[in-house]
Amino acid sequence: MKIFVTGAAGFVGSAVVRELIHHGHQVLGLARSDANAAAITAAGAEVLRGSLEDLASLERGAAASDGVIHTAFIHDFSNYSGSVAVDRRAIEALGNALAGSGRPLVVTSGTRVAPAGGVATEDMAADPDFSRQSEATALPFAAREVRVSVVRLPPTVHGDGDHGFVPELIRIAREKRVAGFVGDGGNRWPAVHRLDAAQAFRLALEKAPAGTRVHAVAEVGVPTRDIAAVIGRRLDVPVEPRPVEHFGWLGPFFSLDLPTASEKTRELLGWRPVQADLLTDLDHPRYFAR
């Protein structure tokens, strides 16, 4: 199949592109810059110039393809509501282009769906107060003959090129000379390696029935104090509890307890994560290179 991938040059999207090509698919990747276009071409994919704000480019990509994987998102925390609005309009454009075709549309969401302390499962609907509205926007397209599915990613997707929450924790620990955690550090973060996540996206595209929620989660939950312990040992700084405010904008996220199961995903799709777990991957010099 020829698959249109948004975010094709991104941390997760670039892994999805390589996963698809490795398994015999052709890829059309959305590129908003010359650098992104070069990276997509180097991966062996075709390039479509455009952006999430350019809805016509999204419609062209979807119309020219046998399916769509939407991984792109504008991670602008200074205008997060604006990023969510752009994402919603992009999904609507992709869904409208696929309506009536039965072709697959896979969109990206997060695993923050369970009540505090509960284990999130695939059966749980997204929290209506959760700021990223991709699920609420995408899933109704199942009624319009789009084989839509949602891949929920945990807060920590790790691997080469990681520029997310864990590198920010390392930066804070290096700057403040302490590797911190909130409370007793027993709150849990689910995790997945980017290559395992890419496999989940491909399997959702190939197999997931319309309306499916997929949990690309390899580890149900890693205690945050264990994450801090690896950072502290690597930086040779103390590992101690710190208030939420110590972590700046990351504090409210780092204090959450988000255990997430993926048994139903594994059974339905035959998904088997095989890459290094978070603590093993984190205990690698590349995470601590300046």
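In this convention, every chain numbers its residues from 1, walking through the sequence in written order. This being a predicted model, a pLDDT of at least 70 is required before a residue's local features are given, and a value of 80 or more before pairs of side-chain atoms are given or counted; all residues contribute to the totals for chains, interfaces and linings. For the side-chain quantities, the full set of heavy atoms in the structure was used; hydrogens and water were omitted.

The name that an unreviewed UniProt entry assigns to the protein is SDR family oxidoreductase, with the source organism given as Nannocystis punicea.

1. Quick look at the overall build of the protein
Of the regular secondary structure elements, the protein holds 11 helices and 12 strands. Taken along its principal axes, the extent of the C-alpha atoms in the protein is 55 × 40 × 35 Å. A 1.4 Å probe rolled over the protein chains alone gives each residue an accessible area, and that area as a share of the maximum for its type sets the label: buried under 20%, exposed over 50%, partly exposed in between. Counting only residues that meet the buried cut, the protein has 52% of its 290 residues in that class. Nonlocal contacts in the protein, meaning residues at least 24 apart in sequence, comprise 79% of its contacts between residues at least 6 apart. To measure how exposed things are, a 1.4 Å probe is used in the Shrake-Rupley method; for residues, cover is taken only from the protein chains shown. Taken as a whole, the protein presents about 12,200 Å² of accessible surface, with 51% of it coming from carbon and sulfur. A residue counts as positive if it is Lys or Arg and as negative if it is Asp or Glu; His and the chain ends are not included. The atom standing in for a charge is NZ when the residue is Lys, CZ when it is Arg, CG when it is Asp and CD when it is Glu. Taken as two groups, the 31 positive and 34 negative side-chain charges of the protein have centres that lie 2 Å from each other. What counts as a helix is a DSSP run of H or I of at least four residues, what counts as a strand is a run of E of at least two, and both are numbered from the N terminus. In what follows, residue pairs with any heavy atoms lying within 4.5 Å of each other are defined as contacts.

2. As for unusual backbone geometry
Look at Arg177: it is not a glycine, yet its phi comes out positive at around 60°. As for its placement among the helices and strands, Arg177 is situated in the loop between helix 6 (165–176) and strand 8 (179–181). Here Arg177 falls in the partly exposed class, since its relative accessible area comes to 46%. A positive phi is found at Asp236, a non-glycine position, where the angle reads about 55°. Mapped onto the secondary structure, Asp236 falls in the loop between helix 8 (224–235) and strand 12 (239–241). A relative accessible area of 68% means that Asp236 is categorised as exposed.

3. What about the sheet that holds strand 9 (residues 188–193)?
Should DSSP find at least two bridges between two strands, the strands are taken to pair. The three strands are arranged 7-9-11 in an open sheet whose pairing can be described as mixed. The sheet terminates laterally at strand 7 (156–158) and strand 11 (219–223), the two strands that pair on one side only. Each neighbouring strand pair of the sheet contributes to a mean axis angle of 45°, computed without reference to strand direction. The sheet contact formed by strand 7 and strand 9 spans three bridges and is parallel. If you follow Thr156 over to strand 9, its bridge partner there is Ala191. Lines fitted to C-alpha atoms define the axes here, with helix axes fitted over just the stretch in contact, and angles between the N-to-C directions of these axes take values from 0 to 180 degrees. Each of strand 7 and strand 9 touches helix 7 (residues 194–207); the most contacted strand, strand 9, lies at about 75° to it.

4. Describing helix 7
Within an α-helix, residues lying three or four positions from one another point in the same direction, as the helix has 3.6 residues per turn. Each residue after the first adds 1.5 Å to the expected span of a helix. When the terminal C-alpha atoms of helix 7 are compared, their 20 Å separation across 14 residues agrees well with the 20 Å that a helix rising 1.5 Å per residue should span. Helix 7 sits mainly inside the fold: 11 of its 14 residues count as buried.

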